[in-house]
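Descriptive structure summary
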Amino acid sequence: MSRILIFLLVMMAGHAAQAIETKVIVRAKAKDAKFIGSSLGGAYVIIRDKTNQRVLAEGLTAGTPGNTKTIMHTPRDRYTQLADDQTAGFEAVIDIEEPVFVRIEVIAPYNHRQSQVQAVTELWLIPGKHMLGDGIILEIPGFIVDVLSPRTHQFITLASVKDKPLKIQANIVMMCGCLINKGGTWNGDEIEVKAIVKKDGKFLKEVTMSLIDANLFEAVTAIDAKGEYQFTVYAYHEKSGNTGVGKVNFVVY
């Protein structure tokens, strides 16, 4: 009996030893920009077994957005690597015994819920066949748009704005946190930014906003009646197709 038990234990140990460590790097790259990393709070990565939805690994990307010259200004040949050792990514170490078909989900930017995008891809992981270097790159389109003024649910007296225009301000950045400025790599003059004004749920007008500082867009508009207002600020870049929206509601009394 003891020999049978020893044989079974050896067989079980041999079976367990078949699991092989497999490394995968997942990166989130903003469309027409750089990688989403620590400076923006990262992108959240989930790797699941597609068969049973079991989570094999999850976590945040960490690191720098990457080298601007390499990513944005250098022509790329086949197999040329975009990322370096400091570039943001999430490295998963997964023990698998046989090929597993996985679903990789990226939610980014993780700390900006209104601007979050979920990107998904599916692929086979092969035991011991690492996916390093650039790894798996998922593209995250859009802009982060934060309306700074007026403030959410701010109460403004009509008397305070009736004889002077109300200022609209919005902070707009690439999904990697990259700066939008005048004439730069991400040129604010090429981005259409407007505020759609509604009063009591009805369209009132559209106001063009201009870049006044890095990432900061501004406009003024006349308010001449009491009511419940909504500003919907949108950003649109025709060349890349990137879009973003931020909304704020406030009351004039």
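See the structure above.
Here is a short report on the structure shown in this document. (Residues numbered from 1 in each chain as written. Predicted model: local features only at pLDDT ≥ 70, side-chain atom pairs only at ≥ 80, totals over all residues. Heavy atoms only, no water.)

Quick word on the sheet that holds strand β14 (residues 216–221)
A sheet is described by the order of its strands in space; here 4 strands give the open sequence β8-β10-β14-β13, paired in antiparallel fashion. In the strand order of this sheet, the two ends are held by β8 (143–149) and β13 (210–213), each with one partner. Between one strand axis and the next, the sheet turns by 35° as a mean value, whatever way the strands run. Direction of pairing for β13 relative to β14: antiparallel, over a ladder of 3 bridges. Looking across to β14, one finds that Ser-210 is bridged to Glu-218. (Pairing = 2+ DSSP bridges. Helix = DSSP H or I, 4+ residues; strand = E, 2+ residues; numbered from the N terminus. Axes fitted to C-alpha atoms, helices over the stretch in contact; angles between N-to-C directions.)

Things to note about the side chain of Asn-187
Looking at where Asn-187 falls in the secondary structure, it is placed in the loop between β10 (166–174) and β11 (191–199). Overall, the relative accessible area of 17% leaves Asn-187 in the buried class. In this structure the side chain of Asn-187 is engaged in a polar contact, spanning 2.9 Å, whose partner is the backbone nitrogen of Gly-183. The residues contacting Asn-187, other than those within four sequence positions of it, are Ile-180, Asn-181 and Lys-182. (Buried < 20%, exposed > 50% of the residue type's maximum accessible area, 1.4 Å probe, protein only. Polar contact = N/O pair within 3.5 Å; in protein donor to acceptor, adjacent residues only side chain to side chain. Contact = heavy atoms within 4.5 Å.)

Brief notes about the side chain of Arg-27
Topologically, Arg-27 is positioned in strand β1 (residues 20–30). Although buried, Arg-27 forms no salt bridge, and the nearest oppositely charged side chain, Asp-134, lies 4.7 Å from it. At 3.0 Å, the side chain of Arg-27 forms a polar contact with the backbone oxygen of Asp-134. Filtering out sequence-adjacent residues up to four positions away, Arg-27 remains in contact with Phe-35, Ala-83, Thr-87, Ala-88, Gly-89, Gly-133, Asp-134, Ile-136, Ile-137 and Leu-138. (Lys, Arg positive; Asp, Glu negative; His and termini not counted. Salt bridge = Lys/Arg side-chain N within 4 Å of Asp/Glu carboxyl O.)

Quick notes on the sheet that holds β11
Read across the sheet, 5 strands follow the order β9-β16-β15-β11-β12 without closing on themselves; strand pairing throughout is mixed. Taken across any chain shown, the strands that pair with only one partner, and hence form the sheet edges, are β9 (155–156) and β12 (202–208).

A few points about the pattern of salt bridges
A full pass over the atoms with the stated rule returns 9 salt bridges. Among the salt bridges present, the one from Glu-105 reaches Arg-103, with a minimum N-O distance of 3.4 Å. Of the charged contacts, one joins Lys-199 and Asp-200 as a salt bridge, the two residues approaching to 2.9 Å between their closest N and O atoms. Using a relative accessible area of 21% as the deciding quantity, one classes Lys-199 as partly exposed. Asp-200 sits in the partly exposed class, given a relative accessible area of 43%. Taken together, the salt bridges that share partners define one network made up of Arg-48, Lys-50, Arg-103, Glu-105 and Glu-122.

With respect to the pairing of β1
Across the 11 residues that make up β1, a large majority, 8, are buried. When β1 meets strand β4 (residues 90–96), the two strands line up antiparallel, connected through 7 bridges. Bridge assignment links Thr-22 to a residue of β4, and that residue is Ile-94. With 6 bridges connecting them, β1 and strand β7 (residues 131–140) associate as parallel partners.

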